[in-house]
2 protein chains.
Amino acid sequence: MTHDLLRTELKRRKQRMTAQRELVLRSFLEADSDHLSAEEVYRTVVEKRQRISKATVYRTVDLLAEVGILRKIVFRDGVIRYEIAECGKHHHHHLICSECGKVTEFSMDLLENLEEVIEKKTGFRINDHQLKFYGLCPSCQRKKQALNKQEERISAKPTKD
Amino acid sequence: MTHDLLRTELKRRKQRMTAQRELVLRSFLEADSDHLSAEEVYRTVVEKRQRISKATVYRTVDLLAEVGILRKIVFRDGVIRYEIAECGKHHHHHLICSECGKVTEFSMDLLENLEEVIEKKTGFRINDHQLKFYGLCPSCQRKKQALNKQEERISAKPTKD
DNA sequence: ATAGTTGCAAACAATTTGCTATAAG
DNA sequence: CTTATAGCAAATTGTTTGCAACTAT
C-alpha cells in the first residue's frame, strides 16, 4: 500500500506524516484522472472541505515525487503534472490530442531493454523514460474536416487577389 | 533552406517577413544548443545588439512551430523550448540529466512504424512523438557517489537515537 | 494606403520563498 | 519540548494580451 510506503520513507528521512500529506496522496489514489496538476490537487482537497494551502500542495507533490510515489509528467502546455508511479515497472505512455488536450494512455514495455542499451552507449544511468505521441483524437479529426469543407466553400467564391 | 520555406509559408498565409522573424530563425540556425527557450532566443538576439521584444519572440517561435519549422519540446522543468524540426523524418530523442539538466541527443527511427500501429489501435491521427529518458549523466553520478561516501562517514559516528 | 507586426506595459498563470504560528514525534 | 511543517502573502518566473505606433507589401 502506497500509504505505508510513504510512512516508511518519511521515517527514514526524519520527516513527519501530516494530515495534508495524506490528503494529497489520497487525491491521487481517488482521482478520476491520472496526471493531476498542483492546482487540481488543491481544488480536489478544498472541495472535500479539507484545509490545505497551495504552497503545501506544491511542496507535497514534490516530496512524493522525490520519494518515488509520484512521477512528474509535463505535456506541451508546460504545466507540471504528476501521476502515481505504479509499483511494477510496466510503463504506460501518453497520446495527447493537440487540439482538445485529451490524454489517452496505452502501455508498452518494449522500451525497458532500450534503457540498458542507451546506458551502455552513453554512460548515463537511466531511471525513467517517457514516450508521448501527439496528434488529433478522432473527434477533433471530424471537427477539422468539417471546418475544411466550409473553408473550401468560402474560397470558391472569387476574391480580389 | 529553412529561410525560403518561411518566406513561402508566410506568403501563403498572407503574413509578412520581418527583420524580427529573421532574427529569431537565425538564432536557432546559429545556436550552440538546440532547444532554446523564448528567454534564450531573446537574449541571443539582444546580445547581437539587434532590436526585439520578448512578446515578439514568444509570438514568433509560436508561429515558426505552427509552420513546422520548429518543434515544441518541454522537459520536466515545465519551460517551453523549441528546436529546429529537421527536414526528413529521422527523429532524434533526448536524454536528460535530472541533476544538472544536461541534455544529450540520440537518434532512433524505430518508432515511426509504431505510430501507424497506434493510429489503427486508437483512431488518433498521429503527427509527432517524443521520447525522453531521464537519469544521471556520468559526471553527476560521480558527484553523487562522492557525496554518499561522505554521508556514510558522518553516520558512522554514533548518534543519540 | 492597408493590413499585419512590433514594443511596451500591464495582466495572467504557475511556482517558489520567507516567515510566524502550529502540530507531530 | 523540539523541530518539521503549514499557511499566508509577497516575490519570481514564464507567458499572454491590448493597444498605439510602425512598416512590409
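Details of the structure are given in the entry above.
Criteria and thresholds
- Residues numbered from 1 in each chain as written.
- Chains lettered and ligands numbered in written order.
- Predicted model: local features only at pLDDT ≥ 70, side-chain atom pairs only at ≥ 80, totals over all residues.
- Heavy atoms only, no water.
- Phe/Tyr/Trp six-rings, centres within 6.5 Å; stacked < 30°, edge-to-face > 60°.
- Helix = DSSP H or I, 4+ residues; strand = E, 2+ residues; numbered from the N terminus.
- Buried < 20%, exposed > 50% of the residue type's maximum accessible area, 1.4 Å probe, protein only.
- Lys NZ or Arg CZ within 6 Å of the ring centre and 35° of its normal.
- Salt bridge = Lys/Arg side-chain N within 4 Å of Asp/Glu carboxyl O.
- Near = heavy atom within 4 Å.
- Polar contact = N/O pair within 3.5 Å; in protein donor to acceptor, adjacent residues only side chain to side chain.
- Nonpolar A, V, L, I, M, F, W, Y, C, P; charged D, E, K, R; others polar.
- Pairing = 2+ DSSP bridges.
- Contact = heavy atoms within 4.5 Å.
- Axes fitted to C-alpha atoms, helices over the stretch in contact; angles between N-to-C directions.
- Least-squares fit on C-alpha atoms with pLDDT ≥ 70 in both.

Draft legend 1. How the structure looks around the packing of aromatic side chains. Residue and element names in this part refer to chain A. In the structure shown here, the tally under the stated rule is two aromatic pairs over all chains. Measuring from ring centre to ring centre gives 5.6 Å for F106 and F133, while their planes differ by 50 degrees; the resulting arrangement is tilted. With a gap of 27 residues between them, F106 in strand β5 (residues 103-107) and F133 in strand β6 (residues 125-136) connect regions that are remote in the sequence. On the accessibility criterion, F106 (11% relative accessible area) is buried. Sitting over the ring of Y134, R76 keeps its end group 3.5 Å from the ring centre.

Draft legend 2. Broad picture of the pattern of salt bridges. All told, the structure shown has 24 salt bridges over all chains when counted by the stated rule. The salt bridge involving R81 of chain A is made with D77 of chain A; its shortest N-O contact spans 3.2 Å. For D77 of chain A, a relative accessible area of 42% translates into the label partly exposed. Between R76 of chain B and D128 of chain A there is a salt bridge whose closest N-O contact spans 2.6 Å. In this pair, R76 of chain B sits in the loop between β2 (70-74) and β3 (80-84) while D128 of chain A sits in strand β6, so the two residues belong to two different chains. The exposure class assigned to R76 of chain B is buried, which follows from its relative accessible area of 17%.

Draft legend 3. Up close: the protein's contact with DNA strand D. Neighbouring DNA strand D are 18 residues; R16, T18, R21 and R51 of chain A together with R16 of chain B lie closest to it. A distance of 2.8 Å is found between a phosphate oxygen of DNA strand D and a side-chain nitrogen or oxygen belonging to T18 of chain A. Only α2 (19-30) and α4 (54-67) of chain A together with α4 (54-67) of chain B provide two or more residues apiece to the surface near DNA strand D. Each residue belonging to the surface near DNA strand D can be placed in one class, and the counts come to six nonpolar, five polar and seven charged.

Draft legend 4. Here's a closer look at the environment of E112 of chain A. Relative to the helices and strands, E112 of chain A resides in helix α5 (residues 111-122). E112 of chain A gets classed as partly exposed once you look at its relative accessible area, which sits at 22%.

Draft legend 5. Structural detail: the sheet that holds β2 of chain B. All names here are of chain B. Within the open sheet, the three strands sit side by side as β1-β3-β2. Their pairing is antiparallel. Each edge of the open sheet carries a strand with a single partner, namely β1 (36-37) and β2. Of the strand pairs in this sheet, β2 and β3 are connected by five bridges, and their pairing is antiparallel. Among the inter-strand pairings, R71 is bridged to a residue of β3, identified as E83. Across the face of the sheet, helix α2 (residues 19-30) comes into contact with β1, β2 and β3 while running at roughly 75 degrees to β3.

Draft legend 6. Up close: the relation of the copies chain B and chain A. Its rotation angle being 179 degrees, the transformation that places chain B on chain A also includes 0.0 Å of axial translation and leaves an RMSD of 0.2 Å. In short, the pair behaves as if placed about a two-fold rotation axis. Of the interface residues in chain B, 95% have counterparts in chain A that sit at the interface too, so the contact is made through matching surfaces.

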